[in-house]
Amino acid sequence: MRRGLKLSATLFFYIFIALMVVFFSSLAGSLAGILTYPIIILASLLFILLLKLKVPMDGIVAGAVAALVSMGVVLAVLALSGGIVIGSVKANYLEILLNGVIVQLLVSLGEELSFRASIFQGISEELGIGIAALLSAAGFAALHIPSMDLVGVDAPSGLVALGTIFFAGIALALIYAYGGLFNAIAFHFTWNFIEYNLFNLGPLDGAVNVLKPGPVLLTGGAFGPEASVVALAVTVLLAIAVWAYYTRSKPAESTQAL
């Protein structure tokens, strides 16, 4: 496929995903989540197959470990600084954790197939990894604005959250390019599960109660640590660390078609 056609197709796919997010975020209740991600997953798989994109399909452990360490650092800094206080485990914690596994599997599969395996991959095959990482990360951050609006994030916290998600998007693009799709999915799943489902840090129901006596810019408020300056600093360092690790240890050339 010619460069212009592939890039145009990738742009239209991003617009489709954006329209999906905006439309379903306007729906009340759980219907939005139930419908959005299965449709995005199917649309992404179709896009990958039609454009014959080469999706790297390597391991899974490195992504999970990177997310565990990154979110662990965020939690440790917030707890030690007094920004959050970790409380008791809820009585229905097993139900919460099980629901969290299902939700985050859908989220991580949907967002990694659409943004990394489709949008990032489509751009990188034509313009290279660097430009693709920046553009896909910017688009990834922009599509979180509707969820920020739903939670009621103020302007300063919103800017911090956009920065955090942008650098997380760069890190995910590099993890995907050098470590494969399943590493990116594992990172996304682990990060979200700890933040939203294990600990009650965001708008979802977490198994462990967490109080947030610290200022909003430190804790992230209702949106969670992604709107925290701590998470912003951690994701900047993460993007640098992932780039340094993978570019020195492994080329981003071993790919296979999905």
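Residues numbered from 1 in each chain as written. Predicted model: local features only at pLDDT ≥ 70, side-chain atom pairs only at ≥ 80, totals over all residues. Heavy atoms only, no water.

Draft legend 1. Spatial organisation of the pattern of salt bridges. As enumerated under the stated definition, the model contains four salt bridges in all. Measuring nitrogen to oxygen at the nearest pair gives 2.7 Å for the salt bridge that ties Lys6 to Glu125. Of this pair, Lys6 sits in helix α1 (residues 3–25) while Glu125 sits in helix α4 (residues 93–127), and the two are 119 residues apart along the sequence. Among the residues examined, Glu125 registers a relative accessible area of 29% and is labelled partly exposed. For Glu126, the salt bridge goes to Lys6, with nearest N and O atoms at 3.6 Å. Residue Glu126 is located in helix α4, and its partner Lys6 is located in helix α1; the two are separated by 120 residues in the primary sequence. As far as the burial class goes, Glu126 and Lys6 line up, both buried. If you follow the salt bridges from partner to partner, you end up with Lys6, Glu125 and Glu126 in one network. (Salt bridge = Lys/Arg side-chain N within 4 Å of Asp/Glu carboxyl O. Helix = DSSP H or I, 4+ residues; strand = E, 2+ residues; numbered from the N terminus. Buried < 20%, exposed > 50% of the residue type's maximum accessible area, 1.4 Å probe, protein only.)

Draft legend 2. Local environment of the side chain of Ser44. For Ser44, the position within the fold is in helix α2 (residues 31–51). Under the relative-accessibility criterion, Ser44 is labelled buried at 0%. When near neighbours in sequence (up to four residues on either side) are disregarded, Ser44 contacts Phe13, Gly110, Leu113, Ser114 and Ser118. (Contact = heavy atoms within 4.5 Å.)

Draft legend 3. Focus on the layout of surface pockets. Each pocket or cavity is described by its volume, and for the second largest pocket that value is around 280 Å³. Every residue lining the second largest pocket is counted, 14 residues in all, and those nearest its centre are Ala66, Ser70, Leu238, Ala241 and Val242. Where the lining of the second largest pocket is concerned, the elements lending two or more residues are α3 (61–80) and α10 (229–249). Here the lining of the second largest pocket takes seven residues from α10, the largest share from any one element. Residue composition of the lining of the second largest pocket, by class: 12 nonpolar, two polar and no charged. (1 Å grid on protein atoms, 1.4 Å probe; cavity = no way out; pocket = protein on both sides within 12 Å on 5 of 7 lines; lining within 4 Å. Points joined across faces, edges and corners; volume = space filled by probe spheres on them. Nonpolar A, V, L, I, M, F, W, Y, C, P; charged D, E, K, R; others polar.)

Draft legend 4. Quick look at a nonpolar patch on the surface. A grouping of Ile60, Val61, Val65, Val69, Val73, Val77 and Phe182 is seen on the molecular surface, where their side chains present a nonpolar patch of about 580 Å² in accessible area. The element that contributes the greatest number of residues to the nonpolar patch is α3, accounting for five residues. By the secondary structure assignment, Val69 is in helix α3. (Patch = residues over 30% accessible without salt bridge, like charges linked within 9 Å, V, L, I, M, F, W, Y side chains within 5 Å. Areas by Shrake-Rupley, 256 points an atom, 1.4 Å probe, with all protein chains shown as cover.)

Draft legend 5. How the structure looks around the environment of Leu217. Position of Leu217 relative to the elements: it lies in helix α9 (residues 216–219). Taking the C-alpha atoms as reference points, Leu217 and Val236, separated by 19 residues in sequence, lie 17 Å from one another. Apart from residues lying up to four places away in sequence, Leu217 is in contact with Pro156, Ser157, Val160, Ala227, Ser228 and Val229.

Draft legend 6. Quick look at the environment of Leu211. Its place among the elements puts Leu211 in strand β3 (residues 208–211). It is 28 Å that separates the C-alpha atoms of Leu211 and Leu143, two residues lying 68 residues apart in sequence. In contact with Leu211, other than residues within four places in its own chain, are Gly83, Ile84 and Val85.

Draft legend 7. Representation of the packing of aromatic side chains within the structure. Under the criterion given, the structure shown has 10 aromatic pairs. Ring plane angle 35 degrees and centroid distance 6.4 Å describe the contact between Phe13 and Phe16, whose orientation is recorded as tilted. Of the two residues, Phe13 and Phe16 are both situated in helix α1; the distance of three residues between them amounts to about one turn of the helix. With a relative accessible area of 6%, Phe13 lands in the buried category. The exposure class of Phe16 is partly exposed, given its relative accessible area of 34%. Of the aromatic side chains, those joined through ring pairs into one cluster are Phe13, Phe16 and Phe47. Here the guanidinium or amino end of Arg116 rests over the ring plane of Phe140, the centre of that ring lying 4.3 Å away. (Phe/Tyr/Trp six-rings, centres within 6.5 Å; stacked < 30°, edge-to-face > 60°. Lys NZ or Arg CZ within 6 Å of the ring centre and 35° of its normal.)

Draft legend 8. Local environment of the environment of Pro203. Within the secondary structure layout, Pro203 lies in the loop between α8 (181–198) and β3. Between the C-alpha atom of Pro203 and that of Phe223, which follows or precedes it by 20 residues, the distance is 6.1 Å. Ignoring any residue separated from it by four or fewer positions in sequence, one finds Pro203 in contact with Val151, Tyr196, Ala222 and Phe223.

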